[in-house]
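The residues making up each chain are set out below.
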Amino acid sequence: MVEFLEGRALPGVAVPIERGAVPVPAAVVRSRAITIDQGAVAAIRSAISGGSGAEWAATIRRQVRNPLSVVARFVSGRITSHTVTGITFRIPASQPAFTGQVYDQLLPTVAGASFFKNNVFEMAAILRGPFRNPATSYYVFALDRGAGASLGPVFADRPGIVADTLVTITVGPFGANPTGELLDLTNGSRQTIDPAKISIRSATLRVFLDATNLPAGLVPISQYRFNMWTQTQPGDDLANVAGFALDDAMARVAVQKSIAVRR
């Protein structure tokens, strides 16, 4: 199976579509010449069967009322993205202002943010492909805890992206040595994220924070919002931003405190 993106055929992942399954954010057709990322297949199967990442499969089943309908709309080309509380899907593409080299690991396909059982706040993304970039790359999860609008947009040309907290994960060449930092934009304070709380497997990136350590927000956590993007250099220059999970918007964070995280 292949994904058609930007006028060319790209390798995709064959995922069985069953009732309650995860929507596949891509148009899919059959092809005999295909390289399948077995690591991505294993990760998806693990989540669906209750293993690592199962909290996201449970979130999707709760938030997406008719997964097969969503898949059908992607396949037909009627939609290129779909967002529900806690998670957003899209056909991956680089944003027009990006001037760098496009690698699969720089193109978000799925991104999510949710509060789970035992005060775990997890942010996660599935990229178009595994971490094979020979250079350092940056993955930014933006949160709006209620003060984002007063601070203004993160990028001048993207007025719908407002945030008061940035969680930046710095990933070394080929996915090595990830580090993280939480920046509170309201006062400039920074927190280092324990590398043990960052997980990279194949094309997936997951970050686990203790919700009690998040800066207090101006609104209830059920009203927090998020976005996610990738960069080749730090800062707010769109020329260095490869791709957004949401092009010019924020999505509502999910609160799933009855669901435990499976690492």
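Residues numbered from 1 in each chain as written. Predicted model: local features only at pLDDT ≥ 70, side-chain atom pairs only at ≥ 80, totals over all residues. Heavy atoms only, no water.

Draft legend 1. Looking closely at the pattern of salt bridges. Applying the stated rule across the entire model yields eight salt bridges. Across the pair Arg206 and Glu122 runs a salt bridge whose closest N-O atoms are separated by 2.8 Å. Of this pair, Arg206 sits in strand S15 (residues 204-210) while Glu122 sits in strand S7 (residues 120-127), and the two are 84 residues apart along the sequence. The exposure classification of Arg206 matches that of Glu122, with both residues buried. Salt bridges linked by common partners bring Glu55, Glu122 and Arg206 together as one network. (Salt bridge = Lys/Arg side-chain N within 4 Å of Asp/Glu carboxyl O. Helix = DSSP H or I, 4+ residues; strand = E, 2+ residues; numbered from the N terminus. Buried < 20%, exposed > 50% of the residue type's maximum accessible area, 1.4 Å probe, protein only.)

Draft legend 2. Summary view of the side chain of Asn227. Note on placement: Asn227 falls in strand S16 (residues 225-231). A distance of 2.9 Å separates the side chain of Asn227 from the backbone oxygen of Leu246, its partner in a polar contact. Polar contacts involving the side chain of Asn227 include one to the main-chain carbonyl oxygen of Ala249, which spans 2.8 Å. If near-sequence neighbours (up to four positions away) are discounted, Asn227 is found in contact with Val140, Phe141, Ala142, Ile161, Ala245, Leu246, Ala249 and Met250. (Polar contact = N/O pair within 3.5 Å; in protein donor to acceptor, adjacent residues only side chain to side chain. Contact = heavy atoms within 4.5 Å.)

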